[in-house]
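# Observations on the model geometry
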Amino acid sequence: MDAAIIGAGPAGLMAAEVLAQGGASVTVFDAMPSAGRKFLMAGRGGLNLTHSEPLPQFLARYREATSRLDPAITAFPPQCLREWSEALGQPTFVGTSGRVFPQAFKASPLLRAWLRRLNASGVRFEFRHRWQGWDDDGRLMFRAPQGERVVEARTVVLALGGASWPRLGSDGLWTETLAARGVFVSPLRSANCGFTVAWSDVFRSRFEGQPLKGAAWSFGPQTIRGEAMVTRSGLEGGAIYALSADLREAVVTSGEAILHVALRPGLDVKQLAARLSAPRGKQSLSNVLRKAAQLSPVGAGLLQEAAIAAGASLSSLSPERLATLINAVPIKLTGTAPIARAISSAGGIVFDELDADFMIRRLPGVFAAGEMLDWEAPTGGYLLQACFATGVAAGRGALHWLAQHAAS
Ligand SMILES: Cc1cc2nc3c(=O)[nH]c(=O)nc-3n(C[C@H](O)[C@H](O)[C@H](O)COP(=O)(O)OP(=O)(O)OC[C@H]3O[C@@H](n4cnc5c(N)ncnc54)[C@H](O)[C@@H]3O)c2cc1C
């Protein structure tokens, strides 16, 4: 075969499509019994394919990796992804937040149509094939249902994903295989993930599973309006994921990060203090917090947690201090949630190991794409966009390689 693609997620399938369209004979291998399992899982939340914001703003979401991903995303930008989806019978729309979704709001019809088109263009699939590395003759080694199998391919695209949700196939074990070949891989770490908080037993038993809505979450210069959920061991949810890259780095460096939450971000401290200054009569403090400050029970519980941690009593605070606390409740995060529960992973093959065609310099003819590369981004469609775009880039790179190294 001309090209072996290992990994049947969005990045690998896109590389397969580009190579097949360029006339190469392509086989896609995957350890799982079927293609695109994580893609299908992403579809459960509506399949946020990409985002409609202007390209410079879009590219900035990739943080340190912006300049590395720029050429691939500029060559296959969000508009191309939307047209590609539409050509597969799945037109897209822009949601109120600027996020882009297929109208069907799920991944399965898109994936089905895509696999049909790939089959029609001659792409072959070998499932239940776990890639193990290379043998001494440079052939690909797989563990397959029929036993060990070796495969020769003129070029290879690795699209093995990160290490979140390993039961969907991407378990990050490839990092050892590549490291053994001298490829520098930045350790895979949780991204778009929850964090651990040492809740008191009382708070945990009362509020586990409850959402904190309409709050504003701040860490460093960043503030995110949105929802988070109290979990048994901490906090998770969209607002926390959005801050997770910086929070994670702070936790790794200092062992903890102090997140601040404004429970009533629509009111300033003066307005809140005025409401809290009204005579209380016989009302309990929790009633005052509920009625005057309109805090939910979980919000009031969070205040209580902060007061306990500071060795203070809420009832001893002046209305001004209480109002200040309501809009800047400190929460001490002590660790990141396990990578298996994260939406995505940071880390991967560092860009210095790749040439402009996404070929691994130390492994001529071997290309890499998708989440296995060293970039991270928030949710919002940025993850899939980078996977698709690097899949296209690696596919084009592999085609170029085939053309330059014509079979003798
Ligand atoms: C719950 C959830 C929701 C998400 N929602 C969104 C969303 O709405 N929008 C968005 O942009 N992103 C979302 N993502 C992230 C997105 O799904 C991933 O970033 C994307 O699927 C990564 O694509 P990939 O092709 O790089 O890797 P994957 O999709 O992980 O595919 C890698 C493939 O490689 C295979 N593989 C791994 N190791 C081996 C091996 N040794 N041998 C053979 N095969 C192997 C795996 O079985 C897998 O099929 C979500 C993720 C999760 C977990």
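Predicted model, so just to flag it, every value in this text is computed and none were measured. (Residues numbered from 1 in each chain as written. Predicted model: local features only at pLDDT ≥ 70, side-chain atom pairs only at ≥ 80, totals over all residues. Heavy atoms only, no water.)

## Side note on the overall build of the protein
- Within the protein, the secondary structure is distributed over 14 helices and 20 strands.
- With the principal axes as the frame, the protein shows a C-alpha extent of 90 × 40 × 35 Å.
- Burial analysis of the protein (408 residues in total) assigns 52% to the buried set.
- Sequence separation of at least 24 residues holds for 69% of the intrachain contacts in the protein that already meet a minimum separation of 6.
- Approximately 18,000 Å² of the protein is accessible, and the part contributed by carbon and sulfur atoms is 52%. (Helix = DSSP H or I, 4+ residues; strand = E, 2+ residues; numbered from the N terminus. Buried < 20%, exposed > 50% of the residue type's maximum accessible area, 1.4 Å probe, protein only. Contact = heavy atoms within 4.5 Å. Areas by Shrake-Rupley, 256 points an atom, 1.4 Å probe, with all protein chains shown as cover.)

## A look at the site of the ligand
- Around the ligand, 29 residues are found, and the nearest of them are D30, N48, W131, E371 and L384.
- In the model, a nitrogen atom of the ligand is placed 2.8 Å from a nitrogen or oxygen of the W131 main chain.
- The separation between an oxygen atom of the ligand and a polar main-chain atom of L384 is 2.7 Å.
- For the ligand, whose free accessible area comes to 1,000 Å², the fraction covered by protein is 94%. (Near = heavy atom within 4 Å. Polar contact = N/O pair within 3.5 Å; in protein donor to acceptor, adjacent residues only side chain to side chain.)

## Looking at helix α6 (residues 108-120)
- Between its terminal C-alpha atoms α6 stretches 18 Å, which fits the 18 Å expected from 13 residues at 1.5 Å a residue.
- Every buried residue of α6 is listed here: P109, L110, L111, A113, W114 and L118.
- If you follow the buried residues of α6, they end up packed against α1 (10-21), α2 (37-44), α5 (78-87), β6 (124-126) and α14 (382-404).
- Once α6 finishes, G122 follows within two positions and takes phi at roughly 95°, a positive value. (Expected span 1.5 Å × (residues − 1).)

## Some details on the nonpolar core
- Counting residues in each nonpolar core, the largest one holds 82 residues, and the members touching the most others are W131, L158, L178, I349, I360, W375 and F388.
- No other element matches α14, which puts 13 residues into this core.
- Every residue in contact with L178, bar those within four places of it in the chain, is listed here: W131, W134, L158, V183, V185, I349, I360, L363 and M372.
- If you look at the next biggest cluster of nonpolar residues, it comprises 49 residues, including V251, L267, A273 and I331. (Core = buried A, V, L, I, M, F, W, Y, C linked by side-chain atoms within 4.5 Å.)

## Things to note about the side chain of E53
- Along the polypeptide, E53 turns up in the loop between β3 (50-51) and α3 (55-60).
- Accessibility expressed as a relative area gives 11% for E53, which makes it buried.
- A polar contact of 2.9 Å, which involves the side chain of E53, links it to the side chain of R61.
- In terms of polar contacts, E53 uses its side chain to reach the side chain of Y382, at 2.8 Å.
- Not counting the four nearest positions on each side in its chain, E53 is found in contact with F58, R61 and Y382.

## A look at the pairing of strand β19 (residues 344-349)
- The buried fraction of β19 amounts to six of the six residues, a majority that puts the element mostly inside the structure.
- Of the pairings in the sheet, the one linking strand β11 (residues 185-191) to β19 comprises five bridges and is antiparallel in character. Looking at the pairing, S190 lines up with S345 of β19. (Pairing = 2+ DSSP bridges.)

## Things to note about the pairing of strand β13 (residues 211-219)
- One ladder, built from seven bridges, connects β13 with strand β14 (residues 222-230); its direction is antiparallel. Bridged to F219 within β14 is Q222.
- Across three bridges, the pairing between β13 and strand β16 (residues 257-262) is antiparallel. For S218, the partnering residue across the bridge sits in β16 and is H260.

## Points about the domain arrangement of the protein
- For the protein, the domain assignment lists domain 1 (3-190 + 345-404) and domain 2 (195-336).
- Placing the centre of domain 1 and that of domain 2 at their C-alpha centroids yields a distance of 39 Å.
- Listed by partner, the interface residues are five residues for domain 1 and five residues for domain 2.
- Across the domain 1/domain 2 interface, buried area totals approximately 490 Å², and carbon plus sulfur atoms make up 42% of it. (Domains from an automatic or database assignment. Buried area = accessible area lost by both parts, 1.4 Å probe.)

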